[in-house]
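Now for the letters of each chain:
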Amino acid sequence: MEMTVKELAKRLNAELVGDGSGLIRSVGPIGSADKAAVTFVAADKFLAGLNQCDAGAVIVSKRVDNLPIPQLIVKNVNAALIEALKIFAPKLQPAIPGVHPAAVVAEQVKLGKNVSIGPCAVIETGVEIGDNTIIAAGCKIGQNTKIGVNTRLDSNVAVYHNCVIGNSCIIQANTTIGSTGFGYYFIDGAHRLIPHNGIVVIEDFVEIGANCCVDRAKFGQTRIGAGTKIDNLVQIAHNVIIGKCCLIAGQSGMGGSVKIGDGVVLAGSVGIIDNIEIGDAAIVGARSFVIKSIEPGMHVLGFPAIERIEMLRVWAASNRLPKLLEQFRELSARVEKIETAKDNSGPGRS
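Residues numbered from 1 in each chain as written. Predicted model: local features only at pLDDT ≥ 70, side-chain atom pairs only at ≥ 80, totals over all residues. Heavy atoms only, no water.

The subject of this paragraph is the overall build of the chain. The helix and strand tally for the chain stands at three helices and 40 strands. For the chain, the spread of C-alpha atoms along the principal axes amounts to about 110 × 80 × 30 Å. Counting every position in the chain, which comprises 350 residues, the buried fraction comes to 39%. Carbon and sulfur atoms make up 54% of the accessible area of the chain, which amounts to about 19600 Å² in all. Side chains of the chain give 34 positive and 32 negative charges; the mean places of these two sets differ by 2 Å. (Helix = DSSP H or I, 4+ residues; strand = E, 2+ residues; numbered from the N terminus. Buried < 20%, exposed > 50% of the residue type's maximum accessible area, 1.4 Å probe, protein only. Areas by Shrake-Rupley, 256 points an atom, 1.4 Å probe, with all protein chains shown as cover. Lys, Arg positive; Asp, Glu negative; His and termini not counted. Charge placed at Lys NZ, Arg CZ, Asp CG, Glu CD.)

This is the structure we're talking about:
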């Protein structure tokens, strides 16, 4: 894809300041964008980087004085960046509607219009797949699972039986939906697996990254709310309920029966023990471990997770411990010296 700066400005609904004749072929960061790339500034702190920038144009939210680079002024830089990335994305061959000859599709399967089933995919009996959905190579869809319209499952996604996946979802490669949860009772000297007879429900517009695991419920549902976005390498245990429009970053994991409200953010490597609740719009900082329920709107941090400001004070105090220990040793030595002098002087001595 190639277009002039002027053409790009029109596509982005941007005000053009400067020469619009240059050709743009890609999007890049300030530090490495060349004359054929458009870059962006999403915050004022990055404006200084434009002084050494060689980009062919820059997307900004307000006019920058004395800047030789053509400017594309927009209301929302991030929204314009998303559109620019879409424009200059690699042009790949689209999925071909129909069932690949190397796929295995059971007889009792309902396929909507323009469904694409890739090579070596296995679709078991009772499955229903909605219009325009893509099932990529190597996927397995278990019995009686239902998948909505305009959904995409990338290569080697495994969906177990009786699961429900909504409309306009994306599940990236090698993720597993509906596997048996990790639940055992110790009986007669052995760990005995608890049957998990429930299901997984993934609502509309959910996106799940690569190599994630969403376990099926022991009874009832494991549910992921509409609009939630999940990073790679996330573990969601049995009977977890995740609200709408949450963000869950990579390597996070939650124990069984955790309830997460709407709009919650879990940063990277967050751990949550079983059977607790995270309130609406709460934020859990990176590498935190949550051992008790969190009220709506709270921002927590640490191991164990506590209110963010309090944990920052704890960390600040912890950083002072070596110096405080050194001062303590000095004071101890001084006290010992004073006590020794007093003992040596003894009663009645001058």
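What follows covers the pairing of strand β22 (residues 184–187). As paired strands, β22 and strand β23 (residues 190–193) are joined by four bridges and run antiparallel to one another. Looking across to β23, one finds that F186 is bridged to H191. In sequence, β22 turns back onto β23 through a hairpin of two residues, with D188 there showing a positive phi of about 50°. (Pairing = 2+ DSSP bridges.)

Our next topic: the side chain of T133. As for its placement among the helices and strands, T133 is situated in the loop between β13 (128–129) and β14 (134–135). For T133, the side chain forms a polar contact with the main-chain nitrogen of N150, separated by 3.3 Å. At 3.1 Å, the side chain of T133 forms a polar contact with the backbone nitrogen of T151. Dropping the residues within four chain positions of it, T133 is found in contact with N114, V115, S116, I147, G148, V149, N150 and T151. (Polar contact = N/O pair within 3.5 Å; in protein donor to acceptor, adjacent residues only side chain to side chain. Contact = heavy atoms within 4.5 Å.)

Ranked by internal contacts, the top residues of the largest apolar core, which has 50 residues, are I135, I202, I208, M254, I260 and I272. Among residues more than four places away in sequence, those in contact with I208 are I170, I171, Q172, T175, I177, I202, V214, I224 and I230. If you look at the next biggest cluster of nonpolar residues, it comprises 17 residues, including L8, L72, V77 and F88. (Core = buried A, V, L, I, M, F, W, Y, C linked by side-chain atoms within 4.5 Å.)

It is worth spelling out the sheet that holds strand β20 (residues 170–171) at this point. What the 12 strands build is an open sheet, ordered β8-β11-β14-β17-β20-β25-β28-β31-β34-β37-β39-β40; its pairing is mixed. The outermost strands of the open sheet, each flanked by one partner alone, are β8 (98–99) and β40 (306–307). Sheet topology note: the strand β25 (residues 207–208)/strand β28 (residues 229–230) ladder contains two bridges and is parallel. Across the sheet, residue E207 finds its bridge partner in β28, namely K229.

Turning our attention to the packing of aromatic side chains. Going through the model one piece at a time under the given rule, you end up with two aromatic pairs. For the pair F182 and Y184, a centre-to-centre distance of 5.3 Å together with 70° between the ring planes defines the contact as edge-to-face. Given a relative accessible area of 70%, F182 falls into the exposed group. Under the relative-accessibility criterion, Y184 is labelled partly exposed at 41%. Measuring from centroid to centroid gives 5.2 Å for F289 and F303, while their planes differ by 20°, and the two rings are stacked. Note that F289 is positioned in strand β38 (residues 289–290) and F303 in the loop between β39 (299–301) and β40, a separation of 14 residues in sequence. Look at F303 and you get exposed, because its relative accessible area is 65%. (Phe/Tyr/Trp six-rings, centres within 6.5 Å; stacked < 30°, edge-to-face > 60°.)

Here we take up the sheet that holds strand β26 (residues 213–215). Spatially, the 10 strands line up as an open sheet ordered β9-β12-β15-β18-β21-β26-β29-β32-β35-β38, and their pairing is parallel. Two strands bound the open sheet, and with one partner strand each, they are β9 (104–105) and β38. In this structure, strand β32 (residues 253–254) lies alongside strand β35 (residues 271–272), joined through two bridges in parallel fashion. By the bridge assignment for β35, G253 is matched with G271.

Relative to strand β24 (residues 199–202), strand β19 (residues 164–165) runs parallel, the two being bridged by two bridges. Considered in β24, the bridge of V164 is made with V201.

Moving on, we come to the state of the cysteines. By the definition in use, this model includes zero disulfides. In this structure C169 is not part of a disulfide, and its nearest cysteine sulfur, from C245, lies 12 Å away. The class for C169 is buried, based on a relative accessible area of 0%. (Disulfide = S-S within 2.5 Å.)

Structurally, the α-helix is built with 3.6 residues per turn, so residues lying three or four positions apart point the same way. The end-to-end C-alpha distance of helix α3 (residues 308–345) is 54 Å, a good match for the 56 Å that 38 residues give at a rise of 1.5 Å each. At L321, α3 is deflected by roughly 45°, the largest bend along its length, and proline P322 occurs up to four residues later in sequence. Of the residues flanking the start of α3, the one acting as N-cap is E307, its side-chain oxygen 2.9 Å from the backbone nitrogen of I309. (Expected span 1.5 Å × (residues − 1). Bend = angle between axes of the 7 residues up to and from the residue.)

All chains considered together, the criterion is met by seven salt bridges. The closest approach of N and O atoms between R25 and E2, which form a salt bridge, is 2.6 Å. One end of the pair, R25, is in the loop between β3 (23–24) and β4 (26–27); the other, E2, is in the segment before β1 (3–4), with 23 residues separating them in the sequence. Exposure remark for R25: the relative accessible area of 45% places this residue in the partly exposed category. For E2, a relative accessible area of 42% translates into the label partly exposed. Between E124 and K140 there is a salt bridge whose closest N-O contact spans 3.3 Å. One end of the pair, E124, is in the loop between β12 (122–123) and β13; the other, K140, is in strand β15 (residues 140–141), with 16 residues separating them in the sequence. The exposure class of E124 is partly exposed, given its relative accessible area of 22%. Judged by relative accessible area, K140 falls into the partly exposed class, the value being 42%. (Salt bridge = Lys/Arg side-chain N within 4 Å of Asp/Glu carboxyl O.)

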